[in-house]
Amino acid sequence: DAGVTQSPTHLIKTRGQQVTLRCSPKSGHDTVSWYQQALGQGPQFIFQYYEEEERQRGNFPDRFSGHQFPNYSSELNVNALLLGDSALYLCASSQQPDTQYFGPGTRLTVL
Amino acid sequence: AQSVTQLDSQVPVFEEAPVELRCNYSSSVSVYLFWYVQYPNQGLQLLLKYLSGSTLVKGINGFEAEFNKSQTSFHLRKPSVHISDTAEYFCAVSTIKAAGNKLTFGGGTRVLVKP
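Residues numbered from 1 in each chain as written. Chains lettered and ligands numbered in written order. Predicted model: local features only at pLDDT ≥ 70, side-chain atom pairs only at ≥ 80, totals over all residues. Heavy atoms only, no water.

Enquirer: Describe in detail the nonpolar core, supporting the description with residues and values.
Expert: In this structure, Trp35, Leu48, Leu76 and Tyr89 of chain B are the most contacted members of the largest nonpolar core, which totals 28 residues. Formed by 20 residues, the second largest nonpolar core is a distinct cluster that contains Val19, Cys23, Val32 and Phe60 of chain A. (Core = buried A, V, L, I, M, F, W, Y, C linked by side-chain atoms within 4.5 Å. Buried < 20%, exposed > 50% of the residue type's maximum accessible area, 1.4 Å probe, protein only.)

Enquirer: Before we move on, can you summarise unusual backbone geometry with the specific residues and values?
Expert: Cis rather than trans, the peptide bond between Ser7 of chain A and Pro8 of chain A has omega equal to -10°. With respect to the secondary-structure elements, Pro8 of chain A resides in the loop between β1 (5–7) and β2 (10–13). We note that Ala80 of chain A has phi near 45°; this positive angle belongs to a residue other than glycine. With respect to the secondary-structure elements, Ala80 of chain A resides in the loop between β8 (74–78) and β9 (87–94). Among the residues examined, Ala80 of chain A registers a relative accessible area of 39% and is labelled partly exposed. Of note in this structure, Asn61 of chain B is not a glycine but carries a positive phi near 60°. Inspection of the secondary structure puts Asn61 of chain B in the loop between β7 (56–58) and β8 (64–68). Look at Asn61 of chain B and you get partly exposed, because its relative accessible area is 43%. (Helix = DSSP H or I, 4+ residues; strand = E, 2+ residues; numbered from the N terminus.)

So, in structure tokens, the structure goes:
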């Protein structure tokens with residue numbers, strides 16, 4: 001049984017560019033959440049998707065947007081990248097409202 | 001809103017010694033509680049969780065945690081650590097409500113196990 005998968009593993013972008021990160025949830029899970037983890041800090045909640053709709057949102061600007069597809073996979077889009085967006089982006093899946101299981105993350109570096 | 005405080009940012013410990021990682025939370029409603037571990041350059045792995053029932057929760061790799069509602073704490077313990085327990089540990093809470101179950105994390109505790 002495959003766990004949560006994320007792609008790509010690493011990504012390097014320049015300021016002002018746009019990026020799309022992808023996540024496939026664990027089999028049987030219908031909810032996907034995204035978190036940003038800056039170096040040396042705990043993860044911060046970005047948003048959560050359930051039934052293809054954004055169910056909850058954290059304190060992140062509109063530059064951060066997402067999507068959930070009918071197969072429950074999800075994308076995180078970040079526009080107009082800033083240096084401060086450099087972080088590990090973690091995807092977690094769950095069968096609402098149960099425990100969240102995390103993927104390996106995507107390391108984004110903004111130059 | 002909820003918040004989580006991990007009282008120790010770093011905990012050095014010798015191999016085979018016990019370790020306790022402290023976690024306190026604040027919330028106006030009932031919560032679920034979790035401990036996750038993060039090894040270098042990896043995602044988060046669930047160690048254990050408290051949803052309801054017995055306040056002493058046992059997890060993977062010999063870890064256990066005790067929920068104390070009056071002290072709003074959820075401390076993590078292991079009686080004898082191994083070198084392989086060197087990692088960062090995160091305490092997290094989520095609220096019990098239908099409209100989503102976002103996790104709020106503490107700042108993490110880095111455990112360094114010395115031989």
